[in-house]
Amino acid sequence: MLDKTYNSAEIEDKIYQKWEDSGVLKASTKAEGEPYCVLLPPPNVTGVLHMGHAFDQTLQDLLIRYNRMNGKNVLWQVGTDHAGIATQMVVERNLAQEGLSRHDLGREKFLEKVWEWKGQSGGTITSQMRKLGDSCDWSRERFTMDEGLSKAVRKVFVQLYKEGLIYRDFRLVNWDPKLGTAISDLEVESRDTIGKMYYFRYPVVGQEGRYLTVATTRPETMFGDTAVAVNPEDERYKDLIGKKVLLPIANREIVVVGDEHADPTKGTGAVKITPGHDFNDFEVGKRHDLEMINILTAEAKLNENVPKAFRGMDCATARPLVVAEMERLGLFEKSTDNPMVIPYGDRSGVVIEPWLTYQWFVDVKKLAPAAKEAVTSGEVKFVPENWEKSYFEWLDNILPWCISRQLWWGHQIPVWYAEDGTQFCEETEEAAMTAAEKHFGKKVELTQETDVLDTWFSSGLWPFSTLGWPEETEFLDHFYPTAVLVTGFDIIFFWVIRMMLMGCHIMKKPPFKTIYMHGLVRDEFGKKMSKSKGNVVDPLEMMAKYGTDALRFTMSSMPSQGTDAPFSEKKVEGFRNFVTKIWNAARFCEMNECKLVDGFNPYDAKHQVNKWIVAKAEEATAEITASIDAYKFNEASNSAYHFTWGTFCDWYLELVKPLFGGDDEAVKAEARATAAWVLDRIITLLHPFMPFVTEELWAQTKDNRSNMLISEAWPKAKAIDASEREEIDWVIELITAIRSLRSNMNVPPSVKAKIYLKDANTDSLAIIERQQDIINKLARLDIIGGLEGDIPNGSAQDVFKEATMIMPMAGLIDVAKEKERLEKELKKLDADITMFTKKLGNPNFVAGAPEAVVAEQKEKLANAQDAKAKIEEAIARLSSIAA
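Here goes a summary of the coordinates provided. (Residues numbered from 1 in each chain as written. Predicted model: local features only at pLDDT ≥ 70, side-chain atom pairs only at ≥ 80, totals over all residues. Heavy atoms only, no water.)

Here we take up the sheet that holds strand 18 (residues 415-417). Overall, antiparallel pairing links the three strands, which are arranged 19-18-20 in an open sheet. In this open sheet, the two strands that pair with only one neighbour each are strand 19 (423-425) and strand 20 (447-448). Relative to strand 19, strand 18 is paired through three bridges, and the arrangement is antiparallel. Bridge pairing in strand 19 links Tyr417 to Gln423. Packing against the sheet, helix 7 (residues 147-162) makes contact with strand 18 and strand 19, and its axis sits at approximately 130 degrees to strand 19. The strands that helix 12 (residues 429-440) touches are strand 18 and strand 19; relative to strand 19, the one it contacts most, it runs at about 135 degrees. (Pairing = 2+ DSSP bridges. Helix = DSSP H or I, 4+ residues; strand = E, 2+ residues; numbered from the N terminus. Contact = heavy atoms within 4.5 Å. Axes fitted to C-alpha atoms, helices over the stretch in contact; angles between N-to-C directions.)

Dropping the structure here:
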């Protein structure tokens, strides 16, 4: 017997343990079925489950469960990322509490501490993923620093190095002065601010009294200027190209170059070029072979390449002093407020500086053609297709990839240096020693490169390293290339493209057949979730409060194909009610003795209502299947929801009640068997979306099932003639129209009405005759039938298909009193509308009130306006009756 209420907290962990213990989550190369592999984007080992994970993983798990039920041999490859910066910071914070730094321990001892932390705390997120219901193969869980993946990383690095595709160079990178390392663009957080634009005059050498005015937001960087650029087509400055200007304060001459980077329509049209401190200027510097001057230390202090008075200062301190000196020299023209974006380290919280330093790079430009061909040829498909354009733009404009980080935690770069700087790149120190001995003709001491690799380097190998490469494993042969990558569009460059580059080059095959790009989870107002805004929602709290199935169904129902998905707790609450509705429907069936009957064929049902629900079940099955196949998860969710709640619960179970209570045992038996069959179909269809409640109902609605629902076959939709459902569809439309008319006229539910259809055709009248009992019961009627004579006075009317629907109002309501009541309600609504309109028309309120409060007021105004429109319609109808 089903409990009165569904208790998700008691059931979910128990069910997940059953799945894990049964072995159903484990993949095998020997299993039957087409291989179907999905790679879980590895979350940081330091991480906890956030809304992005919950969204992304719900969609992946939906695909995994769906394809498992469709008989495919599935592997959801799971694992975690070593998260170089994040993990090192966690361990360093722990050490700081003991009064220690990593330098006190030394590299080897510090790494021991990191591995110790990983062993104790690194499993937090994987336990939370189980809570979400992720049906991964945990027996194959990988870690980007485990020995197998480390071997793959070393092998790929060495191969690319020896192919000339990895090299060391002195280039500009994003430098985090607090962490003391280069970081990727993804680790840079852009913050809007209002800064200052300063206009300085640089004297033209040899032309006394002539100046080139340049504008800058960073006056302190002028000490790194090595040129001023003007557009070669700008008539104002054409004669200065090739000449020199004097760099003030530093008193150093710099050249004027003609370059299209200078836009004549912006600012003064002349741009100071600081190749050592700006990425665009760096490219200009390369084009014109300019000197690259580094003016900052690793701590972002001004160094020995600036005038003595400014050395050792940080940028914020030096800036006003430089401006003051330019004013003293008479070379300061003006300053203006300037909206700008400042880059900050997302973990350190300090300003990120473009900084010239030696780093390791991959020449990805040479790898790009194969990755592009994989998509243009159709071998790899993007869903939605429009993301191909972004993919191609990234590849066409791709720059060398900085893969080195100045950290201790990570894959230490497999390059060793001899005393004279000669490099030896090998997979092991022994191999490097051998290569060095061969090179020098004697044994020499070598020192390994101290930098580690960007975590995206090892993540880029994820599709094949997790399957056993570089070994030739059965799993690699069986599951590579993988079926589909599910990921957010925000990492199309950082992860997707790099996996494509590595897969196409190393494996000679792209790593997946389909790339499904979804949007990002936003708050209910469409804003990015962030701690600073206070709008972050914790999925674990949502699961604890409403149950995991409610959160998962919310995720699957949100728009997902490449568009951002607004999240609202109200939706989770609503889908918790959906879970309750399913549970109550199952209890209703149980109480009415609806049990699955061996040998029962629903397609042989005789009663029209049963024929109808079977046809609707097949229609829903086809819709849900087609939508999942097309990666339209929100449409699949919508079909499942409306069939379950609307068609089955609200209509079929009401339509079938009289059959359950009737005297015809054959009809009763058919209705019970049909209800049980449809409930079973619903449970099966909903399983990929709501695995916990459906698995529990699967176990409880029939004794001694041979398998769990997770491994049950997905139903194949059967085409059924539309005639099997048309009559009941017509009846439901009629009942809905009658209910609407009753509601509009405010006829109490307890009062039975009479309905006549004037000018109804013979087919309509025949249906009414056959289904009269159902219509009268569900529409609360005494009589329904045709009308040949005049329409009774004081009747409410509406159009239904070819006929006029007539409801005599005599004895149903007091028209005059009802009209008076509605007019009072209308006055109240007018007052509310005036109040809300006045409040929202106040700019001080809109600017000062919290966003949620403003949105609430707008919603109340819209609701009041809608209610007013409906009441005005109702008054008009009552007036027509009175007339």
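It is worth spelling out helix 27 (residues 815-840) at this point. Given a rise of 1.5 Å per residue, 26 residues ought to cover 38 Å, and the 37 Å separating the end C-alpha atoms of helix 27 matches this to within 8%. All of the buried residues in helix 27 are Val815, Glu818, Leu822, Leu826, Leu829, Ile833, Phe836 and Leu840. (Expected span 1.5 Å × (residues − 1). Buried < 20%, exposed > 50% of the residue type's maximum accessible area, 1.4 Å probe, protein only.)

A few words now on the environment of Leu467. Mapped onto the elements of the fold, Leu467 is located in the loop between helix 14 (462-465) and helix 15 (474-479). When residues no more than four places from it in sequence are discounted, the contact partners of Leu467 are Leu75, Gln77, Arg140, Thr473, Phe475, Leu476, Phe479 and Tyr480.

We now examine the packing of helix 17 (residues 539-546) against helix 18 (residues 548-557). Viewed as axis vectors pointing N to C, helix 17 and helix 18 meet at an angle of 125 degrees, and their least axial separation amounts to 6 Å. Compared by their axis directions, helix 17 and helix 18 come out oblique. Taking contact as the criterion, the partners of Pro539, Met542, Met543 and Tyr546 in helix 17 are, on helix 18, Thr548, Ala550 and Leu551. The residue inventory of the contact of helix 17 with helix 18, partitioned by class, reads six nonpolar, one polar and no charged. (Parallel < 35°, antiparallel > 145°, perpendicular 65-115°, else oblique. Nonpolar A, V, L, I, M, F, W, Y, C, P; charged D, E, K, R; others polar.)

Of the pockets and cavities examined, the second largest pocket occupies roughly 1500 Å³. As for the second largest pocket, its lining consists of 47 residues, and the residues nearest its centre are Thr217, Arg218, His277, Asp278 and Met340. Contributions of two or more residues to the lining of the second largest pocket are made by strand 7 (188-203), strand 8 (211-216), strand 12 (270-273), helix 8 (279-287), helix 9 (315-328), strand 13 (332-345) and strand 14 (353-362). Looking at which element gives the most residues to the lining of the second largest pocket, the answer is strand 7, with eight residues. A breakdown of the residues in the lining of the second largest pocket according to their chemical character gives 21 nonpolar, 15 polar and eleven charged. (1 Å grid on protein atoms, 1.4 Å probe; cavity = no way out; pocket = protein on both sides within 12 Å on 5 of 7 lines; lining within 4 Å. Points joined across faces, edges and corners; volume = space filled by probe spheres on them.)

Moving on, we get to unusual backbone geometry. Leaving glycine out, the prevailing phi sign among residues is negative, and the prevailing peptide bond configuration is trans. A cis amide bond links Trp469 with the next residue in sequence, Pro470, at an omega value of 15 degrees. Put simply, Tyr480 and Pro481 share a cis peptide bond, and its omega is 0 degrees. Tracing the backbone through its elements, the reader meets Pro481 in the loop between helix 15 and strand 22 (482-488). Its identity as a non-glycine residue notwithstanding, Asn251 has a phi of 50 degrees, on the positive side. Note on placement: Asn251 falls in the loop between strand 10 (244-247) and strand 11 (252-258). Judged by relative accessible area, Asn251 falls into the exposed class, the value being 59%. One non-glycine residue, Asn704, lies in positive phi territory at about 55 degrees. Looking at the element boundaries, Asn704 is found in the loop between helix 23 (691-700) and helix 24 (723-744). Overall, the relative accessible area of 78% leaves Asn704 in the exposed class.

Turning next to the side chain of Asn338. In this fold, Asn338 is placed in strand 13. You can call Asn338 buried: its relative accessible area is 16%. The contacts of Asn338, once residues within four sequence positions are left out, are Thr193, Ile194, Gly195, Lys196, Met197 and Thr217.

We now examine empty space enclosed by the protein. Which parts of space are left empty comes out when a probe the size of a water molecule is rolled across the atoms. Scanning the entire structure with this criterion turns up one cavity of 30 Å³ or more. Along its surface, the largest cavity is lined by Val364, Ile398, Leu399, Trp401, Phe493, Ile497, Arg498 and Leu501. If one sorts the elements of the lining of the largest cavity by residue count, helix 16 (residues 492-507) sits on top with four residues. Of the residues in the lining of the largest cavity, the class split is seven nonpolar, no polar and one charged.

So, about the side chain of Asn776. Positionally, Asn776 belongs in helix 26 (residues 772-779). Note on Asn776: relative accessible area 16%, which makes it buried. With residues near it in sequence (within four places) discarded, Asn776 still touches Leu781, Asp782, Ile783 and Ile784.

Our next topic: the nonpolar core. Within the largest apolar cluster, 145 residues are counted, with the highest numbers of intra-cluster contacts made by Leu551, Phe567, Ile628, Phe648, Leu734 and Met807. Once residues within four sequence positions are removed from consideration, Phe648 is found in contact with Ala585, Cys589, Ile613, Phe643, Leu653, Ala675, Val678, Leu679 and Ile682. (Core = buried A, V, L, I, M, F, W, Y, C linked by side-chain atoms within 4.5 Å.)

Take the packing of aromatic side chains next. Counted according to the given criterion, the structure contains 42 aromatic pairs. Taking 5.7 Å as the distance between ring centres and 85 degrees as the angle between the ring planes, the aromatic pair formed by Phe575 and Tyr641 counts as edge-to-face. A residue pair is termed long-range when its members are at least 10 positions apart, and Phe575 in helix 19 (residues 569-591) and Tyr641 in helix 21 (residues 633-660) qualify at 66 residues. In this structure Phe575 comes out as buried when scored by relative accessible area, which is 13%. Feature note: the residues Phe553, Phe575, Phe578, Tyr641, Trp645 and Phe689 constitute an aromatic cluster, connected by ring pairs. The residue whose ring lies beneath Arg191 is Tyr344, and the NZ or CZ to ring-centre distance is 3.9 Å. The ring of Phe845 has Lys839 sitting right over it, with the charged end atom 5.8 Å from the ring centre. (Phe/Tyr/Trp six-rings, centres within 6.5 Å; stacked < 30°, edge-to-face > 60°. Lys NZ or Arg CZ within 6 Å of the ring centre and 35° of its normal.)

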